[in-house]
Amino acid sequence: MGRLWRREWWRLAALVAAGALIGWPFALSGLGLAVGLAIYLFYQMRQLHALQEWLTHHPHDEPPSAVGLWGELFDRLYRYQKGQRITQRRLRDTLSRIQESSEAMRDSVVMLDRHGDMEWWNSAAERMLGLKPTLDRGQHITNLLRDPSFVDYFHARDYREPLTLCSPIDENLILQFQITLYGDDERLVMARDITRLHRLEQMRRDFVANVSHELRTPLTVLAGYLETYGDMAEMLPERLGRGIGQMQSQTRRMQNLVNDLLLLSRLENDQGGHDDVRLDPPSLLEAVRRDAEALSESHHRLEVEIDEPRALLGSEKELHSAVSNLAFNAVRYAGEDSRIVLRWRPWGDGACLEVEDDGEGIDPLHIPRLTERFYRVDKGRSTATGGTGLGLAIVKHVLLRHDAQLEIDSRLGEGATFRCIFPAARLTDAAPASRRA
């Protein structure tokens, strides 16, 4: 390119010099110089006109013929245009394949621009969401999906968990929405029909609730009679008395299981929020500590630490149940002489309730599944300690109803920390004087 520029400068110099030399014998060197410059300017203007005509009227034709710098410029522009056309063709082909594959999907797919306006959707979105190509293209997504839950979900920009709602055109159709951010703050909205799964899940919940409720009465009758016979144990043969004691133990275990199933069923089916009150975390943790101490029978060191002055908004009964489950698990599984700390402390903008122990710890392999119903790390030991396998599932659902989340941090031989993290919206003004036990 430098060689072409030098050649262009030499051409200009030659024209100027030729004009000056031609005019010199006539004492018109200045006029000759001006003529040389005019010729050079005319040539440049002619090439600019050719460039403008080519780009405006014939961009897909061969470039105008030229030499020197202009010839190189025309060739480069032509190669650039050709490359851009190839790239555009590939992009169009890719977009067409994406749209064709999206059309073949049974799930709804809606593409939004950076403002949230709908640019494209597949035919499944028309069936599930009632979108109309002639009317809705360019409309903001919240103008058509006006459910407050979806509007809050859309603007929150936290799309880690999907949102389940009824279809805007059919209340019997249950959809699961998932939003993905991509490109220049654009969004992809996907909606999946989970009506069948929703109905099966509801049937499961109803079945568990009904069976648990029906078991409660016969178990109460059994427990009553066994308690009566237990009071007469001294009058019964030793073998029969031992059998009655075992039946009482297993009946209590069944009652605990039924109670936990009923509580979990209520947590799953009840929307919650109607019994939220201002709670004093120090008082809550102190009450849980006393209960856990009774279960421990002085085999553990239980402490309460308060580092956060704010109070907590929530259901006292549910949060007491959640923290109690965590504390009782620590008593059952941390091992004797372990130190168990119930703690209320700041966590980012919010705060967290922690139950920490220095016991045996948990293999990180098990942590993702700990909140599953009936999942046990050590089935034999859990049975011996009387656990139902539902405690952490109950904790998880209680926290979900309080806009909170459960974090588990543990290593084998290094103890375990169960952390209930509450957002700032769940905190209120300072609680009464903090206590540390």
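This text follows the structure it describes.
Residues numbered from 1 in each chain as written. Predicted model: local features only at pLDDT ≥ 70, side-chain atom pairs only at ≥ 80, totals over all residues. Heavy atoms only, no water.

Caption draft 1: Structural detail: unusual backbone geometry. At E297, a residue that is not glycine, the phi angle is positive and equals roughly 55 degrees. Note that E297 resides in the loop between α9 (281-296) and β7 (301-306). (Helix = DSSP H or I, 4+ residues; strand = E, 2+ residues; numbered from the N terminus.)

Caption draft 2: Examining the sheet that holds strand β4 (residues 174-182) more closely. On the basis of which strands lie adjacent, the open sheet formed by five strands has the order β2-β1-β5-β4-β3 and antiparallel pairing. With partners counted over all chains shown, the strands left at the sheet margins are β2 (118-121) and β3 (163-166), one partner each. With direction set aside, neighbouring strand axes in the sheet form an average angle of 25 degrees. Pairing of β3 with β4 involves four bridges; the strand directions are antiparallel. The residue bridging T164 from the neighbouring strand is Q176, located in β4. Lying on the sheet, helix α6 (residues 148-156) is in contact with β1 (108-112), β3, β4 and β5 (186-193); it crosses β4 at an angle near 20 degrees. (Pairing = 2+ DSSP bridges. Axes fitted to C-alpha atoms, helices over the stretch in contact; angles between N-to-C directions. Contact = heavy atoms within 4.5 Å.)

Caption draft 3: Fine view of the layout of surface pockets. By volume, the largest pocket amounts to about 2200 Å³. Taken together, 46 residues make up the lining of the largest pocket; nearest its centre are E161, P162, K396, L400 and R401. Counting residues per element, the ones that place at least two in the lining of the largest pocket are α6, β3, α7 (195-231), α8 (238-269), α12 (391-401) and β11 (405-410). When grouped by side-chain class, the residues that make up the lining of the largest pocket number 17 nonpolar, 12 polar and 17 charged. (1 Å grid on protein atoms, 1.4 Å probe; cavity = no way out; pocket = protein on both sides within 12 Å on 5 of 7 lines; lining within 4 Å. Points joined across faces, edges and corners; volume = space filled by probe spheres on them. Nonpolar A, V, L, I, M, F, W, Y, C, P; charged D, E, K, R; others polar.)

Caption draft 4: Spatial organisation of the sheet that holds β11. Strand order in this open sheet of five strands is β7-β9-β10-β12-β11, and the pairing throughout is mixed. Only two strands of the sheet have a single neighbouring strand rather than two, namely β7 and β11. Sheet twist, expressed as the average angle between the axes of neighbouring strands with direction ignored, equals 15 degrees. Here strand β10 (residues 350-357) runs beside strand β12 (residues 416-422); their pairing, made up of seven bridges, is antiparallel. Pairing of C352 across the sheet is with I421, part of β12. Against the sheet, α9 touches β7, β9 (339-347) and β10, its axis set at about 175 degrees to β7.

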